[in-house]
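Tertiary structure, described
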Amino acid sequence: PRFIEVRFEVRMENARFMKRKVKAGAIEVDRETCTLIVNYEVEATVLGDLGEPIVAERKVNQKRIRLKTLDEHTDIPRLVEEILQSVKLIPESKRALVQQLLYDLQRHQQHGGPLRSRSASVAAGAGASGRDSAGTPVQEEREEKASLEALGEYIDGCYEGVEGALSATGLLLQLAREPTNLEPLAQDDRLLGCLTRLLNDEGKRSLDLAVNIVSVLYALSAYSDFHPALLEFKSGSLVMDVVDLEIKRHALRERERAQAGSTEPNPEEERRDKLRRRKQEKVLYVSFHVLLNLAEDINTERKMCNHGIVQMLTAMLSRHNGDLLILTLAFLKKLSIFGENAGEMAKAHLADRLVAFVPNKHEGVLEQVLHLLFNLSFHPKCNAQLGRAGLAPKLLALLRKGRHRLLAVRLLYQLSSIHSERGKMVTSVPMLVGTIINTPDPSLVPPEVLGLLVNLMVHVDNARACAKARGALRGLVTLSVREQSTLALKLLRNMATHTGEDLCEELVRTFAADLLELVASAESVEAQLEALGLLADLPLSLLEELPELLVQSGALELASQLLLPEVAGEDDLLLEAVRFVAAAAQHRGCAPLLVGEALPRLVQLLGSGSGGRQEDDEIVLAAVHALHHLLFCEEAREWLLTESSLTSNLLDLLHDKVPSIRLLASSALDIIAEHDLTGQWVAQIRSRKFLAHNAEWLEAMEEDDEERYEEALAITQALGKMAVHDVSELEEMQQADVRARVGYDDGYDEGYVEDSYGQEYGLDLHSPGQLAGAGEAFGALSDEAYLGMGGESDEEEEGEGEGEYDEEEEVEED
């Protein structure tokens, strides 16, 4: 700790000597690594001239004594004696305890898992050499040391069966642990090819061998310079195959265990499953480390995602190994940065599984989970899943913990974008508001806290809870005025949107003067905009002294200047200025104050010329709203009816696309028609309102008229283009038709009256002169036009023509 170091430096000149005290602790065994663990505590004390302690520091350590593989021939009492002689940390009084622990370890090794070979011990971080007759416990000195000069022999040993490969890969792993050896290992042409082949062929049969090989690959993957060599031999793909195989093995064992759930548990079988699970988690841990290192390249990461890395990592969340969980969550957090990966996580319902980890006793796991949830909360589907999974109540409980409070606030802010989640956070409002108003330095308050409250105030229950908190409204207004905090103003503005609530009336009656002063003295455009918007949302008509406050503060004069687009600069500021004037116009005493400068500028905004904002629906609606209230003031109404173009602008707005603008403009025109003593506008208003009200019917009628006109025009044009045949040709055609008709017609009706074809056009087929005259009038008729004048098919026209000619011939005979 830092304070201990400071004391040591200050009083070191008075120190005379140091006292060191060692206190033995508990003795344990590690069955997996066959190790005896001695815990002890070291206390170092620096003494002064008079022997008084100046500095005291304690440190907890462990002494690990690695033993040889125990079997039934091991002499336990002799082994205990050697341990007590070589390790001074174990007192004589602990002899019986050490002996009992060794007996337990011996029985475990005899009836437990397979004996650990030398290569497996190397993979776990410690080697194991041959057992001598005495069974010496400390073996670091007798462990075979790997040498870079023997690299070729180790590679050749990988081809000598599984046992030889275990020993060889263990020695290779020993070399890979030294960073200076990594470059020679990567440059060897045979090493990576040998390891990847061995992992593909034999890694499925031996977990120890897979651990050794993947550990060597992990040592190389820690440096990006070796990534091209690893990718050349498809190391990432092979490691993913190992992970996929172990996941399938685990799923198969779980199904078998579920099927055999009714049988009594076998302690021996459970112990073996536990050892097997530890080895499996070890190889999974190292494998995911390799993949995480290789995922530094975005293309490699994309390939991993295409091969199902998200599903593999999701399957790891059911494990109970803390280190494996932290690594899995870190990998998922890296992948969640990209939107397509977050979409895959949403399909896998990862959010539902992550919520189960909150809260968590393991601080590392909890921190990684919160970071991952924060990344996923930016994806709409994942954010919705987090809300449905019930994350909000769990995060509220974390607000009381200092370490994860900021992450919890950020996640709550993301969830507050969902309307249904805002009502679940009512209990947190008083605490969050208290954090803001009770902090001496407002700059120390994280902006996420204010942002969360801004979203929460949209819900009426949260606004009520904030108003009921002690000193909340006064503290927020003070923060808004003194610090000109735009977030605090947004918070108050969202509270003011709940019209009819008591909090709105309290804000007006208590803090209106402060807010008006802020409008005139705001140093930033953002603060001025939010202050104007807040006042526009408040019911200012409840304040009797509002006209005096507007004059004293200068807020109305400033708002009148902002009604000019060139002064406002931004449309947002112009809109809030118009809304503020509309709110002030609802007060009867403020209307005369607006006749001077504000009124002409409001009318100008409705026009389409210079300075007009007719294309901006929000500004037009706010301006019409303000003018609608001003029409009730006699002074303002007189000027509007005589000196302005308000009426013509309102008539144009009757055809606006926004229904609210049309409705408000119609109401304003009713007021104008009622007070128009000259009658100048009454008739025009009625006419335009009739047109606006019956626009659909009039439009339909116009469409019918247009269709009829187009049909008539088409007929006229068709007749104008027709041409008349030569008269002699028509006579020949008539005679031919008559002869043909007589040939197959047996008789005719004597009482039949001739139907003069073409009478509707003023033609007589028996009078060539008339026919020629008609030809001059209409133009020459073509054969197709002549036979198809009735608009029917050619066959029907020919049949009708034959009948007509036949009847005409019969009449001549009679």
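Right, let's walk through the structure included here. (Residues numbered from 1 in each chain as written. Predicted model: local features only at pLDDT ≥ 70, side-chain atom pairs only at ≥ 80, totals over all residues. Heavy atoms only, no water.)

Turning our eyes to something else, we now look at the overall build of the protein chain. Counting its regular elements, the protein chain contains 44 helices and 3 strands. Evaluated residue by residue, the protein chain yields a buried proportion of 45% over its 814 residues. Within the protein chain, counting contacts between residues at least 6 apart in sequence, those at least 24 apart form 69% of the total. (Helix = DSSP H or I, 4+ residues; strand = E, 2+ residues; numbered from the N terminus. Buried < 20%, exposed > 50% of the residue type's maximum accessible area, 1.4 Å probe, protein only. Contact = heavy atoms within 4.5 Å.)

Our focus in this paragraph is the packing of helix H20 (residues 391–398) against helix H21 (residues 405–415). Running from amino to carboxyl end, H20 crosses H21 at an angle of 150°, the nearest separation of the two axes being 9 Å. Considering the angle they form, H20 stands roughly antiparallel to H21. Of the two elements, H20 crosses H21, and the hand of that crossing is left-handed. Residue-level inspection shows Leu 391, Ala 392, Leu 395, Leu 396 and Leu 398 of H20 in contact with H21, the latter providing Arg 405, Ala 408, Leu 411, Leu 412 and Leu 415. In terms of residue class, the contact of H20 with H21 is built from 9 nonpolar, no polar and 1 charged. (Axes fitted to C-alpha atoms, helices over the stretch in contact; angles between N-to-C directions. Parallel < 35°, antiparallel > 145°, perpendicular 65-115°, else oblique. Left-handed = near helix turned anticlockwise from the far one by under 90°. Nonpolar A, V, L, I, M, F, W, Y, C, P; charged D, E, K, R; others polar.)

In this section: a nonpolar patch on the surface. A surface patch of nonpolar side chains, amounting to about 260 Å² of accessible area, comprises Ile 298, Ile 337 and Phe 338. Looking at where Phe 338 falls in the secondary structure, it is placed in the loop between helix H15 (322–335) and helix H16 (339–347). (Patch = residues over 30% accessible without salt bridge, like charges linked within 9 Å, V, L, I, M, F, W, Y side chains within 5 Å. Areas by Shrake-Rupley, 256 points an atom, 1.4 Å probe, with all protein chains shown as cover. Salt bridge = Lys/Arg side-chain N within 4 Å of Asp/Glu carboxyl O.)

In the structure shown here, the tally under the stated rule is 2 aromatic pairs. Ring geometry for Tyr 223 against Phe 226: centres 6.2 Å apart, planes inclined by 70°, an arrangement best described as edge-to-face. According to the relative accessible area criterion, Tyr 223 is partly exposed, its value standing at 41%. Relative to Phe 378, the ring of Phe 374 lies with its centre 5.1 Å away and its plane at 80°, an arrangement referred to as edge-to-face. (Phe/Tyr/Trp six-rings, centres within 6.5 Å; stacked < 30°, edge-to-face > 60°.)

Looking now at the packing of helix H24 (residues 447–456) against helix H27 (residues 486–496). It is the contact of H24 with H27, at a shortest axis distance of 9 Å, that shows an interaxial angle of 15°. It follows from the interaxial angle that H24 and H27 lie roughly parallel. Read as a crossing pair, H24 and H27 show a hand that is left-handed. Of H27, the residues touching H24 (which contributes Pro 447, Leu 450, Leu 453 and Val 454) are Leu 487, Ala 488, Lys 490, Leu 491 and Asn 494. Among the residues forming the contact of H24 with H27, the class breakdown is 7 nonpolar, 1 polar and 1 charged.

What follows covers a negative patch on the surface. A cluster of acidic side chains, namely Glu 526, Glu 570, Asp 572 and Glu 618, defines a negative patch on the protein surface. If you trace the backbone, Asp 572 turns up in helix H33 (residues 571–585). (Lys, Arg positive; Asp, Glu negative; His and termini not counted. Charge placed at Lys NZ, Arg CZ, Asp CG, Glu CD.)

This structure, assessed with the given rule, holds 25 salt bridges. One salt bridge in this structure joins Arg 95 and Glu 81, with 2.8 Å as the shortest N-O distance. In this pair, Arg 95 is assigned in helix H3 (residues 95–111) and Glu 81 in helix H2 (residues 76–86), connecting sequence segments 14 residues apart. A residue is classified by how much of its surface remains accessible, and Arg 95, at 23% relative accessible area, is partly exposed. According to the relative accessible area criterion, Glu 81 is partly exposed, its value standing at 30%. Residue Arg 493 is joined to Glu 576 by a salt bridge in which the shortest nitrogen-to-oxygen separation is 2.9 Å. On the criterion of sequence distance, the pair formed by Arg 493 in helix H27 and Glu 576 in helix H33 is long-range, its members being 83 residues apart. Taken individually, Arg 493 and Glu 576 each receive the classification buried, so the pair is uniform in this respect. The network of salt bridges with common partners includes Lys 490, Arg 493, Glu 530, Asp 537, Glu 576 and Arg 579.

Now for the environment of Glu 202. Tracing the chain through its elements places Glu 202 in helix H8 (residues 191–202). Separated by 41 residues in the primary sequence, Glu 202 and Gly 161 place their C-alpha atoms 9.1 Å from one another. Apart from the residues lying within four places of it in its own chain, the contact partners of Glu 202 are Val 162 and Leu 209.

Here the focus is the side chain of Gln 528. As for its placement among the helices and strands, Gln 528 is situated in helix H29 (residues 525–537). Given a relative accessible area of 12%, Gln 528 falls into the buried group. Separated by 3.4 Å, the side chain of Gln 528 and the backbone oxygen of Val 519 make a polar contact. Once residues lying within four places of it in the same chain are set aside, the contact partners of Gln 528 are Val 519, Ala 522, Leu 558, Leu 562 and Leu 573. (Polar contact = N/O pair within 3.5 Å; in protein donor to acceptor, adjacent residues only side chain to side chain.)

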